[in-house]
Amino acid sequence: MSREYFIKNMKGILYYQNMPLLDFEIKNRELVKGVDLSGQRYWPPEIKVWGLSYVHLNDFFSRRVVPDNQMLLHDYLQAMNLESYNFEEMIKRRNGANGVDDYWVKFDGIGASTFEEIGTQKYPIYTQGTI
């Protein structure tokens, strides 16, 4: 089953550990704001090499979310308290983190507010150790 891997609306600040990199906003699948906060230091390769655009930012996030054909996807969704696969919501609930590198996104009013909180927070995304 193929699902949609496109961010429709999202606003946040992309970080590398606790260093702010990029203040961005996507509205209706269009990058309407992209402010460099670090002089492109530590930018993800998808963005640094190919440039800041909706397509490349979306590509960056698509590699940070469990694909829809993942084994035991139902269990993963259940652990994240999601009834169905929702690309954008999965990004938000994980703060854009993937557990492999140190990139993450700070969203206004939800989720982690520091790098140290990633994976340990109690925000209703998941309980540590569930998956």
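Residues numbered from 1 in each chain as written. Predicted model: local features only at pLDDT ≥ 70, side-chain atom pairs only at ≥ 80, totals over all residues. Heavy atoms only, no water.

Considerations on the packing of aromatic side chains
Counted according to the given criterion, the structure contains eight aromatic pairs. Ring plane angle 70 degrees and centroid distance 5.4 Å describe the contact between Tyr 5 and Phe 87, whose orientation is recorded as edge-to-face. Here Tyr 5 is found in the segment before strand S1 (10–16), whereas its partner Phe 87 is found in helix H4 (residues 87–93), with 82 residues between them in sequence. A centroid spacing of 4.8 Å and a plane angle of 20 degrees characterise the contact between Tyr 15 and Trp 104, whose relative ring orientation is stacked. Placement of Tyr 15 in strand S1 and of Trp 104 in strand S4 (residues 103–106) is noted, with a sequence separation of 89 residues between them. As far as burial versus exposure is concerned, Tyr 15 and Trp 104 are alike and both buried. Taken together, Tyr 16, Phe 24, Tyr 42, Phe 60, Phe 61 and Tyr 103 form an aromatic cluster joined through their ring pairs. (Phe/Tyr/Trp six-rings, centres within 6.5 Å; stacked < 30°, edge-to-face > 60°. Helix = DSSP H or I, 4+ residues; strand = E, 2+ residues; numbered from the N terminus. Buried < 20%, exposed > 50% of the residue type's maximum accessible area, 1.4 Å probe, protein only.)

Overview of the confidence of the model for the protein
Interpreting fine coordinate detail is not advised for predicted regions of low pLDDT. Chain-level pLDDT for the protein is 87 on average; 89% of the residues reach the 70-or-more range. Every residue in residues 123–131 is under pLDDT 50, and counting partners more than four places away or in other chains gives 23 contacts. (pLDDT = per-residue confidence, 0-100. Contact = heavy atoms within 4.5 Å.)

Things to note about the nonpolar core
Core analysis: the largest hydrophobic core is formed by 28 residues, its most contacted members being Ile 7, Leu 14, Phe 24, Leu 57, Phe 61, Met 90 and Ile 91. Of all the secondary-structure elements, those providing two or more residues to this core are S1, strand S2 (19–27), helix H2 (54–62), helix H3 (73–79), H4 and S4. Residues contacting Ile 7, with those up to four places away along its chain left out, are Ile 26, Arg 29, Tyr 54, Asn 58, Phe 61, Phe 87, Glu 88 and Ile 91. (Core = buried A, V, L, I, M, F, W, Y, C linked by side-chain atoms within 4.5 Å.)

Section: H2
In an α-helix, one turn spans 3.6 residues; hence positions three or four apart end up facing the same way. Counting buried residues in H2 gives seven out of nine residues, a clear majority hidden from the surface. Within H2 the residues assigned to the buried category are Tyr 54, His 56, Leu 57, Asn 58, Asp 59, Phe 60 and Phe 61. Looking at the buried positions of H2, the neighbouring elements they touch are S1, S2, strand S3 (30–36), helix H1 (45–50), H4 and S4.

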